[in-house]
Amino acid sequence: MKTTLDIQDELLLRAKRHARQTGRPLRAVVEEGLRQVLSPTPPRPRYQLPDLSVGRAGDSDPLEAYSWQDLREIIYGEPEPR
């Protein structure tokens, strides 16, 4: 099938150069590029966060007894500004 495309000059020059270097017609280079872009890509595996838990499952939370202000003072070593 014939069609007309408006392609950026530099991109067309690069495609023609590539076609010449590989000994193929420009049409074959364009078709290969379209096939690569349109081919289904396998889904990327989902990232799994590493388990960096501390303590054992089911144990009580040792920080539960502290208020946010207490925790801030413990972490930063200074009382929260008022």
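Note: the structure precedes this text.
Just so it is clear, the structure is predicted and the values come from calculations on it, not from any experiment.

Chemist: What is the right way to look at the pattern of salt bridges in this model?
Modeler: Two side chains with opposite charge may pair up if their charged atoms get near one another. Enumeration according to the criterion identifies four salt bridges in this entry. Measuring nitrogen to oxygen at the nearest pair gives 3.1 Å for the salt bridge that ties Arg27 to Glu31. Within this pair, Arg27 and its partner Glu31 are both found in helix 2 (residues 26-38), separated by four residues, close to a single helical turn. Given a relative accessible area of 56%, Arg27 falls into the exposed group. Here Asp59 ties to Arg56 by a salt bridge, and the two come within 3.5 Å at their closest N and O atoms. We classify Arg56 as exposed; its relative accessible area is 64%.

Chemist: Is there a simple way to explain the environment of Trp68 in this structure?
Modeler: Mapped onto the elements, Trp68 comes out in helix 3 (residues 68-76). C-alpha separation for the pair Trp68 and Arg35, spaced 33 residues apart in sequence, amounts to 57 Å.

Cut-off values and rules
- Residues numbered from 1 in each chain as written.
- Predicted model: local features only at pLDDT ≥ 70, side-chain atom pairs only at ≥ 80, totals over all residues.
- Heavy atoms only, no water.
- Salt bridge = Lys/Arg side-chain N within 4 Å of Asp/Glu carboxyl O.
- Helix = DSSP H or I, 4+ residues; strand = E, 2+ residues; numbered from the N terminus.
- Buried < 20%, exposed > 50% of the residue type's maximum accessible area, 1.4 Å probe, protein only.

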